[in-house]
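Observations on the three-dimensional arrangement
If you want the building blocks of each chain, they are given just below.
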Amino acid sequence: METSRSMAVASWIAVVILLSAAVGGHGFYLPGVAPSDFQKKDPLAVKVNKLTSTKTQLPYSYYSLPYCRPDNIVDSAENLGEVLRGDRIENSPYLFEMREPQMCQIACKITLNDKDVKVLKEKIDDEYRVNMILDNLPLVVPIKRLDQVAPMVYQHGFYVGGKGQPTGNKDVKYYIHNHLSFLVKYHKDVQMDLARIVGFEVKPFSVKHEHEGQWNGNKTRLSTCDPHAKRSVLNSDSPQEVEANQDIIFTYDVEFQESDVKWASRWDTYLLMSDDQIHWFSIVNSLMIVLFLSGMVAMIMLRTLYRDISKYNQLETDEEAQEETGWKLVHGDVFRPPSNSDLLCVYAGTGVQFFGMILVTMIFAVLGFLSPSNRGGLMTAMLLLWVFMGLFAGYSSARLYKMFKGTEWKRITLKTAFTFPGIVFAIFFVLNALIWGEKSSGAVPFTTMFALVLLWFGISVPLVFVGSYLGFKKPALEDPVKTNKIARQIPEQAWYMNPIFSILIGGILPFGAVFIELFFILTSIWLHQFYYIFGFLFLVFIILIVTCAEITIVLCYFQLCSEDYLWWWRSYLTSGSSALYLFIYAAFYFFTKLDITKPVSGILYFGYMLIASYSFFVVTGTIGFYACFWFTRMIYSSVKID
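Residues numbered from 1 in each chain as written. Predicted model: local features only at pLDDT ≥ 70, side-chain atom pairs only at ≥ 80, totals over all residues. Heavy atoms only, no water.

1. Concerning the overall build of the protein chain
Our working definition: By the criteria applied, helices consist of DSSP H or I runs no shorter than four residues and strands consist of E runs no shorter than two, each listed in order from the N terminus. Throughout, a contact is declared for two residues whenever any of their heavy atoms are within 4.5 Å. Only the protein chains shown count as covering a residue, and every accessible area follows the Shrake-Rupley method with a 1.4 Å probe.
Each helix and strand counted, the protein chain has 15 helices and 13 strands in total. When contacts within the protein chain are restricted to residue pairs at least 6 apart in sequence, long-range pairs at least 24 apart make up 81% of them. Split by element, the accessible area of the protein chain, about 30800 Å² in all, is 62% carbon and sulfur.

Structure below.
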């Protein structure tokens, strides 16, 4: 029976791998919004988004820099996820007409003051990029790969400017990108004269423009680029310096190019994954860990269930039973409620809430519902799911609490509803104050903060209460064996059974199963790249669940065999300790991969990674705890106790 069950699990994992391979190799998604069809000469409005930098991680609004402004700036409506990400989408003075190329159009002329120069130089130093959007597609800069074989790499947004030393000059000069060569790719409908936008690219240049005669707004003739003389900007040989009291003329070209790419797959270039191999290596590496642990668990099951239990049930002499194994000797204490049992109930409930949120989000993402065109969709979905999963948090914490003979269910409910969210909210509030101090658009506005508190108090807390009420109404779980009145003495333990040592060892394997995928997730968050390989991620998540459960069961069995029955907290901490390794890895990533220089940005990074590690602790700890809980109930219910 055990073998057939293992076979079933193995075949199920194989099916999941094949399914994930089908969707995981490339970003799979549903387009998410209806396509827009444009006729020739239809107006196209370019929108501007935040300025971003991988050096500071602090977004700023586009108009915080001295750029050309439209007559009146209109904010686009943003969802909760977009606001939390710091997106600020506004209209821009760049207006195109569909399939009507434009050359050397003047956007505006701006004279810089000292403050403008200071701000621009800071942003150029911090390598800020300008992000724009056309028909919901982000602007990219195509960069040729050096090896030529691989396709183009696309960088999100273009740099505000650059700096360099002119020959024979000691001073570093700053240059601004003031000429933008846009390329709009479209897919044409053969039957009708309609087209859909499938690509939005730009090549930025820095040009010191000169004009003939008087300045006459947009109608001025420039000598540096002239549509009449078919003279266009092809390089940045005479760049525009950033200096006070200098006039900067902002110009742009627009070209239209027909493309074979269909509208439904227009995001593929953004989500192009050049290193499938690494993900497969990561999966194989994790599967090895799982197979090794599964072997150990199967061995323990066979040994305990078939040999130990059958012999024990044949009522051998006491000496033989004692010689055989130690786990049966602690049957009178194994279900004794642990110290701080209230806190364990709270953390187990919170873990169930988190687990539910991650599982549902992953399933939606794998099925392609979280389209990349829906900016902030992932964040919004996770927040709403977290709130609604409060029902399960309350239910599972109340069930455990009642099993521990607890009576004050309202107190445990309040603790479940406020402990984890309260700690996370406090850290988030401090980080937000820091971002606000930097005048960054990434600071969450007061209204959004109020909406978050409303979600928490108005929906999450009542749902936790409903769940607790339902859980507490159910009859308490019966222990498979009776607990003795007097606690048994725990014998002296070997050094390797020391709680701290075994807990730290237990966290290594779950972390080992996910750390390669973790690298890609960190890169997508902190280096502003798209992460859209949810097929692989879902697979890694399943492997993480199996690894956490199995390592906890193995170590729990060894612990019970050495007659130490204090397994409740240890089972939670064994797999939960993988969060410690996650935080250490995040620190390693910070010092080796990121180029963050500002102290505030460093604090932000470690603050957010602390929240992520804390959440990981709660999820992995809960998986381990419930696996061990099931295991102990199963083995003790299989033996006859006199």
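2. Some details on the pattern of salt bridges
We count it as follows: Salt bridge criterion: a side-chain nitrogen from Lys or Arg within 4 Å of a carboxyl oxygen from Asp or Glu. When accessible area is computed with a 1.4 Å probe and restricted to protein chains, residues below 20% of their type maximum are described as buried, those above 50% as exposed, and intermediate ones as partly exposed.
Inspection of every chain in the model, using the stated rule, returns 20 salt bridges. In this structure, Asp135 engages Arg266 in a salt bridge whose closest nitrogen and oxygen atoms are separated by 3.1 Å. On the criterion of sequence distance, the pair formed by Asp135 in the loop between strand E4 (129-134) and strand E5 (137-138) and Arg266 in the loop between strand E13 (247-258) and helix H4 (276-313) is long-range, its members being 131 residues apart. A relative accessible area of 19% means that Asp135 is categorised as buried. Overall, Arg266 belongs to the buried group, its relative accessible area being 3%. Here Glu201 and Lys185 are joined by a salt bridge, their closest N and O atoms 3.0 Å apart. Of the two residues, Glu201 sits in strand E12 (residues 195-205) while Lys185 sits in strand E11 (residues 179-188), which places them 16 residues apart along the sequence. Residue classification places Glu201 among the buried positions, given a relative accessible area of 10%. Through salt bridges that share partners, Asp342, Glu408, Arg411 and Lys415 make up one connected network.

3. Notes on a nonpolar patch on the surface
This is how it is decided: Note on patches: the residues involved have over 30% relative accessible area and no salt bridge, like charges join within 9 Å, and the nonpolar side chains Val, Leu, Ile, Met, Phe, Trp and Tyr join within 5 Å.
Taken together, the side chains of Trp495, Tyr496, Phe501, Ile505 and Ile508 present a nonpolar region at the surface, about 530 Å² in accessible area. Summarising the element assignment, Ile508 is placed in helix H11 (residues 499-526). In this structure Ile508 comes out as partly exposed when scored by relative accessible area, which is 40%.

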